[in-house]
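Survey of secondary and tertiary structure
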Amino acid sequence: MKRSVFAVAATVWAAFVAPGHGQVVRSVFDFYLGGIKGAELVLDGVVGEDAYSGISRLRTAGVVGFFYDASFEARAEGSAETGQLRPSRFVVHTRSRGESQKVEMDYTAEAPA
C-alpha cells in the first residue's frame, strides 16, 4: 500500500512540476470514499534553472482520520539540466498506528549511494 501511494504521489507531483523552470507549484487533492473524506494530498515543488525540489504530504482526514491516523511525507531534490531532473536526495517519512519510519537516500552518479 505504501509503495502504491508513493507511486501515485510521485507521478502526480512530476506532472505538475515539469511545465517550466522557476515555476512554483502547489496542488491540493482530497480523496473521498463513498462520499466521506478519507485523505488529503498536498504537493509543493519548484524547478529552477539548475535545481529542483519538491515535497508531497498525504494524510488521512475527516472521519477516516479520526479512526485511523496515518501520514506520508516524501521530499526530493536534485539538479535540473536540459529538461531532465536528476535526483541528489530523497527522504520518506511515514507514520501509522503509532509507528514511524524514515528512509533517506542520497544519490551519486544518478544512483542511490
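That block above? That's the structure.
None of these values were measured; they are calculated from a predicted model.

Criteria and thresholds
- What you see as residue numbers is a count from 1 along each chain, following the sequence as written.
- Side-chain atom pairs in this predicted model are given and counted only at pLDDT of 80 or more, local residue features only at pLDDT of at least 70, and totals for whole chains, interfaces and linings cover all residues.
- Side-chain metrics rest on all non-hydrogen atoms present in the structure, leaving aside hydrogens and water.
- Secondary structure counts use DSSP, requiring at least four H or I residues in a row for a helix and at least two E residues in a row for a strand, with both numbered from the N terminus.
- Here the term buried applies to any residue with accessible area under 20% of the maximum for its type, exposed to any over 50%, and partly exposed to those in between, with areas from a 1.4 Å probe on protein chains only.
- In this analysis, two residues are considered to be in contact whenever any of their non-hydrogen atoms come within 4.5 Å of each other.
- Only the protein chains shown count as cover for residues, with accessible areas throughout obtained via the Shrake-Rupley method and a probe of 1.4 Å.
- Throughout, nonpolar core names a set of buried Ala, Val, Leu, Ile, Met, Phe, Trp, Tyr and Cys residues whose side chains join them through atoms within 4.5 Å.
- Take a side-chain nitrogen of Lys or Arg and a carboxyl oxygen of Asp or Glu: if they are within 4 Å of each other, that pair is a salt bridge.
- Each Phe, Tyr or Trp ring, with Trp reduced to its six-membered ring, pairs with another whose centre is within 6.5 Å; inter-plane angles below 30 degrees give stacked pairs, above 60 give edge-to-face pairs, and intermediate values give tilted ones.

Thoughts on the overall build of the chain
Of the regular secondary structure elements, the chain holds two helices and seven strands. Start at the N end of the chain and walk to the C end: the helices and strands fall as α-β-β-β-α-β-β-β-β. Burial status across the chain gives 32% buried among its 113 residues. Sequence-distant contacts in the chain: of pairs separated by 6 or more residues, those separated by 24 or more amount to 33%. When the accessible surface of the chain is summed, it comes to about 7,300 Å², and 57% of that surface belongs to carbon and sulfur atoms.

A closer look at the nonpolar core
Considering soluble globular proteins, one finds that nonpolar side chains tend to be buried as a cluster. Ranked by size, the top nonpolar core spans twelve residues in total: Ala39, Leu41, Leu43, Val47, Tyr52, Leu58, Phe72, Ala74, Ala76, Ala80, Phe90 and Val92. Elements represented by at least two residues in this core include exactly strand S2 (36-47), strand S3 (51-60), strand S4 (70-81) and strand S5 (84-96). Excluding residues that lie within four positions of it along the chain, Ala39 makes contacts with Phe29, Asp30, Phe31, Leu58, Arg59, Thr60 and Ala61.

Let's talk about the pattern of salt bridges
The final tally for this structure, using the stated rule, is ten salt bridges. Put simply, Asp44 and Arg57 hold a salt bridge, and the shortest N to O gap is 3.4 Å. Of the two residues, Asp44 is situated in strand S2 and Arg57 in strand S3; the sequence distance between them amounts to 13 residues. Two residues, Glu104 and Arg89, come together in a salt bridge whose shortest N-O distance is 2.5 Å. Of this pair, Glu104 sits in strand S6 (residues 99-108) while Arg89 sits in strand S5, and the two are 15 residues apart along the sequence. In this structure Arg89 comes out as partly exposed when scored by relative accessible area, which is 25%. Put simply, Arg26, Asp44, Arg57, Glu73 and Arg75 are held in one network by salt bridges that share partners.

Some thoughts on unusual backbone geometry
Although it is not a glycine, Arg97 sits at a positive phi angle of roughly 50 degrees. You can see Arg97 is positioned in the loop between S5 and S6. You can call Arg97 exposed: its relative accessible area is 67%.

Re the packing of aromatic side chains
Tallied over the full model, the rule gives one aromatic pair. Ring geometry for Phe66 against Phe67: centres 5.1 Å apart, planes inclined by 90 degrees, an arrangement best described as edge-to-face. Considered together, Phe66 and Phe67 belong to a single accessibility category, that of exposed residues.

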